[in-house]
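Structural overview
If you want the building blocks of each chain, they are given just below.
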Amino acid sequence: MTATEPQNGKRASLLRRLSQPVDLTAGTPWRVILRYAVPIMISYLLQQIYVLTDAVICGQVLSAEEVAGVNDTFPLTFIFLQFAFGCTAGFSVLTAGCVGAGDRRGVRRSFAAQIYLSLGISVVLTVLSVVLLPWMLGLIHVTPINKTVYDAAYIYCLVIFLGIFAQMGYNFICGILRSFGDSVTPLVFLVFSTLLNVGLDILFLVPFRMGPAGAAIATVSSQILVFVVMVMRIRHSRLEPNVLQHLNLLSVFPKEYYKHIFRIGFPTAIQGSIYCFISMILTRMVSGYGAAAIATQRVGGQIESVSWNTADGFASALNAFIAQNYGARKKDRIRKGYSLSFRVLTIWGLFVTAAFVFLPEPIARLFFHEKEALDTAVNYLVIIGFSEVFMSIE
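Residues numbered from 1 in each chain as written. Predicted model: local features only at pLDDT ≥ 70, side-chain atom pairs only at ≥ 80, totals over all residues. Heavy atoms only, no water.

**Topic: the overall build of the protein chain**
Counting its regular elements, the protein chain contains 15 helices and zero strands. Here the C-alpha atoms of the protein chain give a radius of gyration of 22 Å, agreeing with the 21 Å that 2.2 N^0.38 yields for 394 residues. Dimensions of the protein chain, computed from C-alpha atoms along their principal axes, come out at roughly 60 × 55 × 45 Å. By the burial criterion, 48% of the 394 residues in the protein chain qualify as buried. In the protein chain, 79% of the contacts between residues at least 6 apart in sequence involve partners at least 24 apart. Computed over 30 positive and 21 negative side-chain charges, the inter-centroid distance for the protein chain is 16 Å. (Helix = DSSP H or I, 4+ residues; strand = E, 2+ residues; numbered from the N terminus. Rg over C-alpha atoms; globule rule 2.2 N^0.38 Å. Buried < 20%, exposed > 50% of the residue type's maximum accessible area, 1.4 Å probe, protein only. Contact = heavy atoms within 4.5 Å. Lys, Arg positive; Asp, Glu negative; His and termini not counted. Charge placed at Lys NZ, Arg CZ, Asp CG, Glu CD.)

So, in structure tokens, the structure goes:
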């Protein structure tokens, strides 16, 4: 046995311990929620790094017009991807409730039903996005008049939209794992997905010179590969009940069962898509105020994302906590968890508000040096700063 083998064994053992599902129905609420929430918050922040890394690599390899085409389409792709994410997040609430109630049959039934719904929604989203793509590009002023920009935007969006099923499947598996109380495994696979995407980006853009299509193919390919690995990981795990073992996809469920799942998942999906749509409209309005305003809104959104990603991560943890304890019929524990989360997120929101309102210039100087852009960014941070506490509580 080599010297590195015991170390590798210890790392594997540590990872297994960390990825053990957290029983959200037992233990001190604040400790349970915090232990479960931290990996989710890190995952949400890492997703921003995922997007930024993709943009950096494209910026170093593609032409300015191709980069513009790829960057301008972010709101369009995000509308559909956010809808897919919202559906899977909402669907997993029912599974978490069954886990909390100890209903193994219900867990397997909800999992199988969600597979059908996820496949159906993936098909609908793919068809809609591909058919509406030329019209949506027109909404953000990307037209065939500038052929290079338009071609880059079109092919990038087309590949991403054709790969919606990969994003849906990836988020679906992550949601299932989190419904069992395992928030660490999705984080590990997100790190793997990010590194894989970087590697494929470099491969497709540098030696293969595939342009914007290569960037999109790298993203979709990494999600497909990670999805396959995650399925294999669950299939051979000690998860109880193991939803991939003895799974009968030919089972027929009552219509009311699908309605119940859809009633939980659909509002979450619509909320995320509406936010993206409003963001797209605001971007279009801001574009009339010049380059400084456009840069401020885009960079300001990235700065603010640290705040709302943290709040969203904690909120996702609270959703699973409430769902499991609702299934276990522990209403007092739900009240304690909600009260604790409300206080934590209020304090976090006040902290961010104070930072944006009283320290806007030092923050803005990290991203801007020109006076016009710096002044605009300072005003932007102060204005949105007053809403951060409300955003966190929401």
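Now that the structure has been shown, the text picks up again.
**Description of the packing of aromatic side chains**
Within this structure, the stated rule accounts for seven aromatic pairs. Residues Phe111 and Phe172 carry aromatic rings whose centres are separated by 5.3 Å and whose planes lie at 20 degrees to one another, so their mutual orientation is stacked. On the criterion of sequence distance, the pair formed by Phe111 in helix α5 (residues 104-139) and Phe172 in helix α7 (residues 164-179) is long-range, its members being 61 residues apart. The exposure class assigned to Phe111 is buried, which follows from its relative accessible area of 2%. Among the residues examined, Phe172 registers a relative accessible area of 6% and is labelled buried. (Phe/Tyr/Trp six-rings, centres within 6.5 Å; stacked < 30°, edge-to-face > 60°.)

**What to know about the side chain of Ser193**
By the secondary structure assignment, Ser193 is in helix α8 (residues 184-205). The exposure class of Ser193 is buried, given its relative accessible area of 3%. The residues touching Ser193, leaving out its near neighbours within four places in the chain, are Tyr50, Ser222 and Val226.

**Concerning the packing of helix α4 (residues 74-101) against α7**
Viewed as axis vectors pointing N to C, α4 and α7 meet at an angle of 25 degrees, and their least axial separation amounts to 8 Å. Classified by the interaxial angle, the pair formed by α4 and α7 is roughly parallel. The crossing of α4 and α7 is right-handed. In this structure, α4 contributes Phe80, Leu81, Ala84, Phe85, Cys87, Thr88, Ser92, Thr95, Ala96 and Val99 to the contact, and α7 contributes Ile164, Gln167, Met168, Asn171, Phe172, Gly175, Ile176 and Ser179. Within the contact of α4 with α7, the residues separate by chemical class into eleven nonpolar, seven polar and no charged. (Axes fitted to C-alpha atoms, helices over the stretch in contact; angles between N-to-C directions. Parallel < 35°, antiparallel > 145°, perpendicular 65-115°, else oblique. Left-handed = near helix turned anticlockwise from the far one by under 90°. Nonpolar A, V, L, I, M, F, W, Y, C, P; charged D, E, K, R; others polar.)

**Let's talk about the pattern of salt bridges**
On inspection of all chains with the given rule, the structure shows four salt bridges. Between Asp151 and Lys147 there is a salt bridge, and its shortest N-O distance comes to 2.5 Å. With Asp151 and Lys147 both in helix α6 (residues 147-162) and four residues apart, this pair spans about one turn of that helix. Look at Asp151 and you get partly exposed, because its relative accessible area is 35%. What makes Lys147 exposed here is its relative accessible area of 56%. Between Glu361 and Arg365 there is a salt bridge whose closest N-O contact spans 2.8 Å. Taken as a pair, Glu361 and Arg365 lie in helix α13 (residues 360-365) at a separation of four residues, close to a single helical turn. (Salt bridge = Lys/Arg side-chain N within 4 Å of Asp/Glu carboxyl O.)

**As for helix α3 (residues 64-72)**
All buried positions along α3 are accounted for by Val67, Gly69 and Val70. Summarising the axial view, the buried residues of α3 lie within an arc of 160 degrees, below the 170-degree limit, and thus occupy one face. Buried positions along α3 lie against α2 (29-61), α4, α6 and α9 (211-235). (Arc of directions from axis to C-beta.)

**Some details on unusual backbone geometry**
At Arg209, a residue that is not glycine, the phi angle is positive and equals roughly 50 degrees. As for its position among the elements, Arg209 is in the loop between α8 and α9. On the basis of relative accessible area, Arg209 is assigned to the exposed category, the value being 71%. Backbone geometry places Arg329, a non-glycine residue, at a positive phi of 60 degrees. A residue is classified by how much of its surface remains accessible, and Arg329, at 74% relative accessible area, is exposed.

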